[in-house]
Amino acid sequence: MFDLVGPWGKLRRPIVRRWGLSGRVSRRLALLPVVLSMTAAGTQLSDWTPALPGYEWSFPRDHWSHPGYKTEWWYLTGTLTATDDPARRFGYQFTFFRVGLSPEATTLTSAWAASDMIMGHAAVSDLVKKEHVFSEVLYRATPLLGSFGDPGDSLVAWSRAPAGTDGRWTLAWNGRGFDLHATDNRQGLELTLQTTAIKPLVRHGIDGYSRKGTGPTAASLYYSLTRLETEGSLRLGEDAWPVRGESWMDKEFGSNQLGVTQIGWDWFSLRLDDGRDVMLYLLRTGAGAIDYAAGSVVSPVGAVRALGARDFDVQVTRRWQSAVSDAEYPARWSVTVPGENLAVDIVPEVADQEVVSDLVPNLHYWEGLVQVRDAQGRRIGEGYVELTGYGTNARPAI
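Criteria and cut-off values
- Residues numbered from 1 in each chain as written.
- Predicted model: local features only at pLDDT ≥ 70, side-chain atom pairs only at ≥ 80, totals over all residues.
- Heavy atoms only, no water.
- Salt bridge = Lys/Arg side-chain N within 4 Å of Asp/Glu carboxyl O.
- Helix = DSSP H or I, 4+ residues; strand = E, 2+ residues; numbered from the N terminus.
- Buried < 20%, exposed > 50% of the residue type's maximum accessible area, 1.4 Å probe, protein only.
- Core = buried A, V, L, I, M, F, W, Y, C linked by side-chain atoms within 4.5 Å.
- Phe/Tyr/Trp six-rings, centres within 6.5 Å; stacked < 30°, edge-to-face > 60°.
- Contact = heavy atoms within 4.5 Å.
- Pairing = 2+ DSSP bridges.
- pLDDT = per-residue confidence, 0-100.

J.: Describe the pattern of salt bridges, with residues and values.
T.: Under the counting rule described, the total for this entry stands at 22 salt bridges. Between Lys199 and Asp277 there is a salt bridge, with its nearest N and O atoms 2.7 Å apart. With Lys199 in the loop between strand 10 (189-197) and strand 11 (202-203) and Asp277 in strand 16 (residues 277-285), this pair connects stretches of sequence that are 78 residues apart. On the accessibility criterion, Lys199 (10% relative accessible area) is buried. You can call Asp277 buried: its relative accessible area is 0%. Measuring nitrogen to oxygen at the nearest pair gives 2.5 Å for the salt bridge that ties Asp345 to Arg332. Here Asp345, found in strand 21 (residues 342-348), pairs with Arg332, found in strand 20 (residues 328-337); they are 13 residues apart in sequence, far enough to count as distant. With relative accessibility at 17%, the residue Asp345 sits in the buried group.

J.: Which residues make up the nonpolar core, and what values do they have?
T.: Judged by nonpolar contacts, the single largest core of 45 residues is most densely connected at Leu76, Tyr92, Phe94, Leu171, Phe178 and Leu234. Per element, the largest residue contribution to this core is seven residues, and it comes from strand 13 (residues 219-236).

J.: Give me the lowdown on the packing of aromatic side chains, citing residues and values where you can.
T.: Applying the stated criterion across every chain, the model contains 17 aromatic pairs. A ring pair is formed by Trp57 and Phe253, whose centres lie 5.9 Å apart and whose planes are at 70°; its orientation type is edge-to-face. A residue pair is termed long-range when its members are at least 10 positions apart, and Trp57 in the loop between helix 1 (32-38) and strand 2 (71-82) and Phe253 in strand 14 (residues 239-256) qualify at 196 residues. Since its relative accessible area comes to 15%, Trp57 is described here as buried. A centroid spacing of 6.1 Å and a plane angle of 20° characterise the contact between Trp320 and Tyr329, whose relative ring orientation is stacked. This pair shows no difference in class: Trp320 is buried, exactly as Tyr329 is.

J.: Account for the environment of Ser154, with residues named and values stated.
T.: With respect to the element layout, Ser154 can be found in the loop between strand 6 (146-148) and strand 7 (155-160). The spatial distance from the C-alpha of Ser154 to the C-alpha of Asn174 is 6.5 Å, given a sequence separation of 20 residues. Setting aside residues no more than four positions away along its own chain, Ser154 makes contact with Trp64, Leu171, Ala172 and Trp173.

J.: Mind laying out the pairing of strand 10, listing which residues take part and the relevant values?
T.: Sheet analysis places strand 9 (residues 178-184) next to strand 10, joined by six bridges and oriented antiparallel. Following the sheet pairing, His181 is matched in strand 10 by Thr192. Connecting the antiparallel pair strand 9 and strand 10 is a turn made up of four residues, with Gly188 showing a positive phi of about 65°.

J.: How would you explain the pairing of strand 9 if you had to name every residue and give the values?
T.: Across the seven residues that make up strand 9, a large majority, six, are buried. Here strand 8 (residues 168-173) pairs with strand 9 via four bridges, running antiparallel. Each residue of the ladder has a partner; that of Thr170, found in strand 9, is His181. Hairpin connection from strand 8 to strand 9: four residues lie between these consecutive antiparallel strands, with Gly175 at a positive phi of about 95°.

J.: Can you break down unusual backbone geometry residue by residue, with the values?
T.: Outside of glycine, negative phi angles account for most residues, and trans bonds account for most peptide bonds. Put simply, Phe59 and Pro60 share a cis peptide bond, and its omega is 15°. Mapped onto the elements, Pro60 comes out in the loop between helix 1 and strand 2.

J.: Help me get a handle on the environment of Leu282, residues and values and all.
T.: Along the chain, Leu282 falls in strand 16. With relative accessibility at 8%, the residue Leu282 sits in the buried group. Taking the C-alpha atoms as reference points, Leu282 and Gly295, separated by 13 residues in sequence, lie 8.8 Å from one another. If near-sequence neighbours (up to four positions away) are discounted, Leu282 is found in contact with Gly264, Trp265, Asp266, Phe268, Ile290, Tyr292, Ala293, Phe312 and Val314.

J.: Account for the confidence of the model for the protein, naming residues and giving values.
T.: Residue-level pLDDT values for the protein average 88, and 85% of them are 70 or greater. Every residue in residues 1-42 is under pLDDT 50, and counting partners more than four places away or in other chains gives 149 contacts.

This is the structure in structure tokens:
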């Protein structure tokens, strides 16, 4: 869960990163800071639709895009195991972001005119090799580069693959879950997955109205499919596997989430072996204090209990510093939810699961597969953690 308005105020070159970092600068990227920061001439944040309570949800329609809101994302994370080699395990992330440039459809007749940008991130953590492979795309939403589907279409969003790779990245609704495809020849990455929901859709906060602060518009509209049965194929370099696993999908849209003093967040999505699912987020100030916190616990049958800041506690017990961005991130946590009789240790499966963009300068965040352990150190679940706003000039522009 994060948002971009000039994505995070930073830009780099199209990343080619497999554990390390390499790549080349494309001259056209020099224009991206201008494109991303301008939104539309004369447009103010107040011109965009705010996330407000009482939103009238309608599914499956709300799986598609919501023009008029400034930012929107479809976020899938999960664990995969090779069906022909159970020792090969992976974590994955696949995300499409819609970044609004104008709150209204463009009236220009040019085929290059766009009201939105589409950004995609795909990453795989190889738990055997302890490597993290990342790819990204960033395009104007135009007929030749990418777009967002209309409700009723199977295709929710698509974009061209990265430069040098034929084909498209796609996200589609199959009637029971989401299907996705991402490919990048330079990174040696190809991911094709089909998912099916095995628990009911849940809305966070107050019927999907998820507050991120005390301000009147500091909120998003937020729902999840916390357990998706997953199968498909994965290729890394010359190796390829049929895979099975389980995924979590988050969907958020809104126009103004972070307050002026907030610089980022820590977000947890945890699937416990007892059937419960836990989502927590903590928003931080520049001084490192927790400015706002909330979450949800989903029962094995799908009942949702909203959590406030006093209902849980998160303590950082270890840290890790990136050799690429130089940012220092939390790297292990003690999490307690007394009302759920839950006290767990959250441990990353791979230390370096940092995403460092080459398309958006200074865009870096940690997004990684974690293991959930009990007080005796036994594995009792798994999940993903996202850490944003760490390091120099790393505040998401939301």
